[in-house]
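For reference, the chains in residue letters:
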Amino acid sequence: MNEAKVVTIYTTKGGVGKTTTAIHLADYLHSKGHKVALIDADERGMLSEAIMGSEGNLPFPTLFFENPAGVEDMDRAQAMIGSMIDTIEEAQDGNDYVIIDCGGYNSQASLAASAVADLTIIPANTGRFDLVQTIEVHGKIEAIAKQMGRAPKLRVLIARVNLATTLYVGFRAALKDRGIKTFANAVPTYTAISEATFMNASIFKHRPNSPAAAFMQRFADEVIAELDKE
């Protein structure tokens, strides 16, 4: 059996849709007949709470990983990285995909999970602070991946955005100028997605025929295509 593909969702900025992205990607993959496991690597446990409160609509085994913010002690930091790798390998057993939802703070374990993943998604909105943090996180992941002898595949997901604005175009261009790749498909701001997340569901179950679901599906299909590339 092929080893499960690993997708890490990470950035140090909160409120950009990391958990929402994890839930929707997992639900879409599940709808395609794949076995999906989740790792909740946010010390607040928001993903675990959503899965437990979903009333059976989100049937994913979820491992909670105790993931503290930046650890200065090198021995402890290395132990956290090793523990994260062990958790990923545990989640891969018997599954096709593993999706890791990391907290919005600096963490060696999150950086390691991003470095070893088959694909790391960096969600971002289009604010100035988002741009600065996205560039910073992208660079940190590349640096730790180099130390680990890995070549990470990193893609920025621009989410909660008005696609008709020059701000969106400018944000993508600023990332491109720095050699940072974005998904071709962004996810606009939709109340329906927020409603679905509030009810611990995905847009695919809440409003499957909505424009919001169509945008989310296009993004999920692009993720699958990236994972299928050699």
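Residues numbered from 1 in each chain as written. Predicted model: local features only at pLDDT ≥ 70, side-chain atom pairs only at ≥ 80, totals over all residues. Heavy atoms only, no water.

Participant: Give a description of the overall build of the chain that names residues and reports values.
Facilitator: In terms of helices and strands, the chain carries nine helices and seven strands. Expressed as a percentage of its 230 residues, the buried residues of the chain come to 53%. Looking at the chain alone, contacts between residues at least 24 apart form 77% of all its contacts between residues at least 6 apart. Only carbon and sulfur atoms are counted for the fraction: they give 50% of the accessible area of the chain, which is about 10,800 Å². Here the chain contributes 22 positively and 28 negatively charged side chains, and the mean placements of these two sets differ by 9 Å. (Helix = DSSP H or I, 4+ residues; strand = E, 2+ residues; numbered from the N terminus. Buried < 20%, exposed > 50% of the residue type's maximum accessible area, 1.4 Å probe, protein only. Contact = heavy atoms within 4.5 Å. Areas by Shrake-Rupley, 256 points an atom, 1.4 Å probe, with all protein chains shown as cover. Lys, Arg positive; Asp, Glu negative; His and termini not counted. Charge placed at Lys NZ, Arg CZ, Asp CG, Glu CD.)

Participant: Run through the packing of aromatic side chains, naming residues and quoting values.
Facilitator: Inspection of every chain in the model, using the stated rule, returns three aromatic pairs. Ring geometry for Y28 versus F204: centroids 5.4 Å apart, planes at 40 degrees, classification tilted. Within this pair, whereas Y28 is found in helix α1 (residues 18-31), its partner F204 is found in helix α8 (residues 203-206), the two being separated by 176 residues in sequence. Just as Y28 is buried, F204 falls in that class too. (Phe/Tyr/Trp six-rings, centres within 6.5 Å; stacked < 30°, edge-to-face > 60°.)

Participant: I'd love a proper account of a negative patch on the surface, names of residues and values included.
Facilitator: A cluster of acidic side chains, namely E3, D86, E89, E90, D93 and D118, defines a negative patch on the protein surface. Tracing the backbone through its elements, the reader meets D118 in the loop between α4 (108-116) and β5 (119-124). Judged by its relative accessible area of 32%, D118 is partly exposed. (Patch = residues over 30% accessible without salt bridge, like charges linked within 9 Å, V, L, I, M, F, W, Y side chains within 5 Å. Salt bridge = Lys/Arg side-chain N within 4 Å of Asp/Glu carboxyl O.)

Participant: Mind laying out the pairing of strand β2 (residues 36-41), listing which residues take part and the relevant values?
Facilitator: In terms of residue burial, β2 counts as a mostly covered element, since six of its six residues are buried. What you see with β2 is no split at all: V36, L38 and D40 on one side and A37, I39 and A41 on the other are buried throughout. Inspection of the sheet shows β2 paired to strand β4 (residues 97-102) by six bridges, in the parallel sense. If you follow I39 over to β4, its bridge partner there is I100. Looking at chain direction, β2 and strand β3 (residues 62-64) are connected through three bridges and run parallel. (Pairing = 2+ DSSP bridges.)

Participant: Before we move on, could you go through the side chain of Q92 and cite the residues and values that matter?
Facilitator: Tracing the chain through its elements places Q92 in helix α3 (residues 74-92). In contact with Q92, other than residues within four places in its own chain, are E3, A4, V6 and V98.

Participant: Residues and numbers for the packing of α3 against α4, please.
Facilitator: At a minimum axis distance of 8 Å, the contact between α3 and α4 shows a crossing angle of 45 degrees. Here α3 lies oblique to α4, going by the angle between them. Crossing hand, α3 versus α4: right-handed. Contact with α3, carried on its side by A77, M80, I81, M84, I85 and I88, involves Q108, A109, A112, A113 and V116 of α4 and no other residues of that element. Tallied by class, the residues present in the contact of α3 with α4 amount to 10 nonpolar, one polar and no charged. (Axes fitted to C-alpha atoms, helices over the stretch in contact; angles between N-to-C directions. Parallel < 35°, antiparallel > 145°, perpendicular 65-115°, else oblique. Left-handed = near helix turned anticlockwise from the far one by under 90°. Nonpolar A, V, L, I, M, F, W, Y, C, P; charged D, E, K, R; others polar.)

Participant: How would you sum up the pattern of salt bridges? Please name residues and give values.
Facilitator: Scanning the model with the defined rule gives seven salt bridges in all. Of the charged contacts, one joins D27 and K205 as a salt bridge, the two residues approaching to 2.6 Å between their closest N and O atoms. Of this pair, D27 sits in helix α1 while K205 sits in helix α8, and the two are 178 residues apart along the sequence. Ionic pairing is found between E226 and R155, a salt bridge with its closest N-O pair at 3.4 Å. With a gap of 71 residues between them, E226 in helix α9 (residues 211-228) and R155 in strand β6 (residues 154-161) connect regions that are remote in the sequence. Note on E226: relative accessible area 8%, which makes it buried. A relative accessible area of 11% means that R155 is categorised as buried.

Participant: Explain the side chain of T8 to me, using residue names and the numbers behind them.
Facilitator: In this fold, T8 is placed in strand β1 (residues 5-9). Residue T8 is classed as buried on the basis of its relative accessible area of 0%. Look past the residues within four positions of T8 in its chain and what remains in contact with it is I100, C102, A113, S114, A117, L119, T120 and I121.

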